[in-house]
Amino acid sequence: MNFDDRFARELPELAVPWQAEKFPSPALLVLDDKLAAELGFDPSELRQSGDTEQPRQSGGTEQPRQSGGVEQLLASPHSVAQAYAGHQFGGYSPRLGDGRALLLGEIDGRDVHLKGSGRTPFARGGDGLAAVGPMLREYVISHAMHALGIPTTRSLAVLATGGTVHRETPLPGAVLVRVAASHLRVGTFQYARATGDLGLLRRLADHAMARHYPEAAGPLAFFDSVVTAQASLIAKWMLAGFIHGVMNTDNMTISGETIDYGPCAFLDAFDPATVFSSIDHSGRYAYRNQPVVATWNLARLGEALLPLFSDDEDKAVALATEVLERFKPRYQQAWTTGMLNKIGLDKDGEQEGELLDDLVAFMQEERVDHTSFFRTLASSARGNAASPAPAAWMSRWLAHSPDPDAMDRVNPVYIPRNHLVEEALAAATSGDLDPVHRLLGAVTDPFTERAGLERYAEPAPKEFRDGFQTFCGT
């Protein structure tokens, strides 16, 4: 496979040439055949066991030997570790970068990227490795997000490395092969700005505009485009009950795709204060805070871009602020439209707004199951299920003639419910991939109810509704 090295050519200051570790016996665990074919790979060839010999043991710049089979996904003569900075839980880190990841290059304008491929110069104290469970988590949830129509990086494959990763206990190692519109982040711009090289910052902005927003007429319009993309994305997260868990500025893409599925999870009981991540002690990235955090992150992007808006700093700040203030109404409109769609209405008026306000208050008070509630609501509109909401609200809602078929097109039956994800990952870590495949079968066709998949639609057991935690896997 011939990878384009456009990023490294155009922005060499942000790219460190590096190669993946040699792994004892890389083997395919899961593969998205359709995505592989889109990228020009032969899925049947990728499923073959190939020559695992590589010319180096643990990172470096030597050229890899080309070989067949799954090794096509681990080697590129152009692979680089990308540099970026970032605010992590509000604290600024000037040098983060791909500590355990590599950009292999581009195919038809899309990045192909490895995660868990070994230490790089950005690894700091980390071992550069990843375990089977966290990599399969990203594979499953990114597939679900794509099926739900939520912009996301894609997971092409997960490979077992044949090695052991040491966390709290020894775990089998794995590498994720990720595909993305790009891996440009808010943190990429923060890093470029911090160098003081305005030429680099301008080239980075031009590179991002050419890849993602070619219609943008300059840096300010580019910033506006990113604000719009993120307002739409975060609204879709909220409508689906998705909690990212680690919304650092290095985990916010310029393209508007969801990236980094470390401690993420989906709501079970509807509670806006829900936090799943074990490291989010203050609740900074709670479900209800995600639009606010997105605005904060975008402010950091605006700060990084200020010299490109105007030579006059006060004018640049005023221009950036004007654009940033568009996030809230754009997000609110996207969320309101989405919520009206979820309850089968297409008119946005005062009465409909009151219906939404009262519904959200009821859902929070009763801690309803966020996913199944809306499907039951559609069934009740057909007269096929008992009312899941108060009679007075139901009467007002039904007076608007909701469309239950339209509701079923936007409200999923199946999501990656936390207890099912944990069950599947535990089995996979022990060598049994069947639960992962069954879960994928459900969540990649989320809107079609099917016989035999009832347990994938059922609410979580109580222990997963109260006190469930997720972990980053690093």
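Residues numbered from 1 in each chain as written. Predicted model: local features only at pLDDT ≥ 70, side-chain atom pairs only at ≥ 80, totals over all residues. Heavy atoms only, no water.

### Structural notes on the overall build of the protein chain
Looking only at helices and strands, the protein chain has 17 helices and 11 strands in total. Taken over the C-alpha trace, the protein chain has a radius of gyration of 23 Å; the compact-globule value for 474 residues is 23 Å, and the two agree within 12%. Looking at the protein chain residue by residue over its 474 residues, the buried ones come to 57%. At a minimum sequence separation of 6, the contacts of the protein chain that also span at least 24 residues come to 70%. Taken together, the 43 basic and 61 acidic charged side chains of the protein chain have centroids lying 2 Å from each other. (Helix = DSSP H or I, 4+ residues; strand = E, 2+ residues; numbered from the N terminus. Rg over C-alpha atoms; globule rule 2.2 N^0.38 Å. Buried < 20%, exposed > 50% of the residue type's maximum accessible area, 1.4 Å probe, protein only. Contact = heavy atoms within 4.5 Å. Lys, Arg positive; Asp, Glu negative; His and termini not counted. Charge placed at Lys NZ, Arg CZ, Asp CG, Glu CD.)

### Comments concerning the pattern of salt bridges
Here the structure, examined in full by the defined rule, presents 28 salt bridges. Of the charged contacts, one joins Asp 5 and Arg 9 as a salt bridge, the two residues approaching to 2.6 Å between their closest N and O atoms. Accessibility expressed as a relative area gives 48% for Arg 9, which makes it partly exposed. Across the pair Arg 203 and Glu 13 runs a salt bridge whose closest N-O atoms are separated by 2.4 Å. Taken together, the residues span a long stretch of sequence, with Arg 203 in helix α6 (residues 198–212) and Glu 13 in the loop between α1 (6–10) and β1 (15–17) at a distance of 190 residues. (Salt bridge = Lys/Arg side-chain N within 4 Å of Asp/Glu carboxyl O.)

### Structural notes on a negative patch on the surface
A surface patch of like charges, here negative, comprises Asp 311, Asp 312, Glu 313 and Asp 314. Assignment of secondary structure puts Asp 312 in the loop between α8 (290–309) and α9 (313–324). The class of Asp 312 is partly exposed, set by a relative accessible area of 42%. (Patch = residues over 30% accessible without salt bridge, like charges linked within 9 Å, V, L, I, M, F, W, Y side chains within 5 Å. Areas by Shrake-Rupley, 256 points an atom, 1.4 Å probe, with all protein chains shown as cover.)

### A closer look at the nonpolar core
The nonpolar side chains of a soluble globular protein tend to be buried, and buried together. Core analysis: the biggest nonpolar cluster contains 120 residues, and Leu 156, Phe 189, Phe 222 and Ile 254 have the highest contact counts within it. The element that contributes the greatest number of residues to this core is helix α7 (residues 219–240), accounting for 13 residues. Setting aside anything within four residues of it in sequence, one finds Phe 189 in contact with Leu 201, Leu 204, Ala 205, Ala 208, Phe 222, Ile 254, Leu 301, Ala 304 and Leu 305. Core analysis: the next-biggest nonpolar cluster, separate from the first, contains 26 residues, Ala 144, Leu 176, Val 421 and Tyr 456 among them. (Core = buried A, V, L, I, M, F, W, Y, C linked by side-chain atoms within 4.5 Å.)

### Observations concerning empty space enclosed by the protein
The final tally for this structure, using the stated rule, is 5 cavities of 30 Å³ or more. The volume enclosed by the largest cavity comes to roughly 70 Å³. Together, 14 residues line the largest cavity, and Gln 230, Trp 237, Asn 251, Met 252 and Thr 253 are the ones closest to its centre. Per-element tally for the lining of the largest cavity: the top contributor is α7, with 4 residues. Residue composition of the lining of the largest cavity, grouped by class: 6 nonpolar, 7 polar and 1 charged. (1 Å grid on protein atoms, 1.4 Å probe; cavity = no way out; pocket = protein on both sides within 12 Å on 5 of 7 lines; lining within 4 Å. Points joined across faces, edges and corners; volume = space filled by probe spheres on them. Nonpolar A, V, L, I, M, F, W, Y, C, P; charged D, E, K, R; others polar.)

### Observations concerning the confidence of the model for the protein chain
Of all residues in the protein chain, 95% attain a pLDDT of 70 or more, and the chain-wide mean is 93. Under a pLDDT of 50 for its full length, residues 50–59 has, in the predicted model, 29 contacts with residues more than four places off or in other chains. Taken together, the stretch residues 61–67 has pLDDT below 50 and engages in 18 contacts with residues farther than four places along the chain or on a different chain. (pLDDT = per-residue confidence, 0-100.)

### Details of unusual backbone geometry
A positive phi is found at Asp 108, a non-glycine position, where the angle reads about 50°. Looking at the secondary structure, you find Asp 108 in the loop between β6 (101–107) and β7 (110–115).

### A few points about the environment of Arg 193
For Arg 193, the position within the fold is in helix α5 (residues 186–194). It is 44 Å that separates the C-alpha atoms of Arg 193 and Asp 346, two residues lying 153 residues apart in sequence. Excluding anything up to four places from it in sequence, Arg 193 contacts Leu 201, Glu 303, Ala 304, Leu 306 and Pro 307. Here the side chain of Arg 193 touches Glu 303 through a polar contact of 2.5 Å, landing on its backbone oxygen. (Polar contact = N/O pair within 3.5 Å; in protein donor to acceptor, adjacent residues only side chain to side chain.)

### What about the side chain of Ser 182?
Within the fold, Ser 182 resides in the loop between β9 (170–180) and α5. By relative accessible area, which is 1% here, Ser 182 ends up buried. At 3.2 Å, the side chain of Ser 182 forms a polar contact with the backbone nitrogen of Leu 184. Excluding its chain neighbours within four sequence positions, the residues that come into contact with Ser 182 are Asp 111, Arg 211 and His 212.

### Side note on the side chain of Thr 120
Within the secondary structure, Thr 120 sits in the loop between β7 and α4 (132–147). Classification of Thr 120 by relative accessible area gives buried; the value is 5%.

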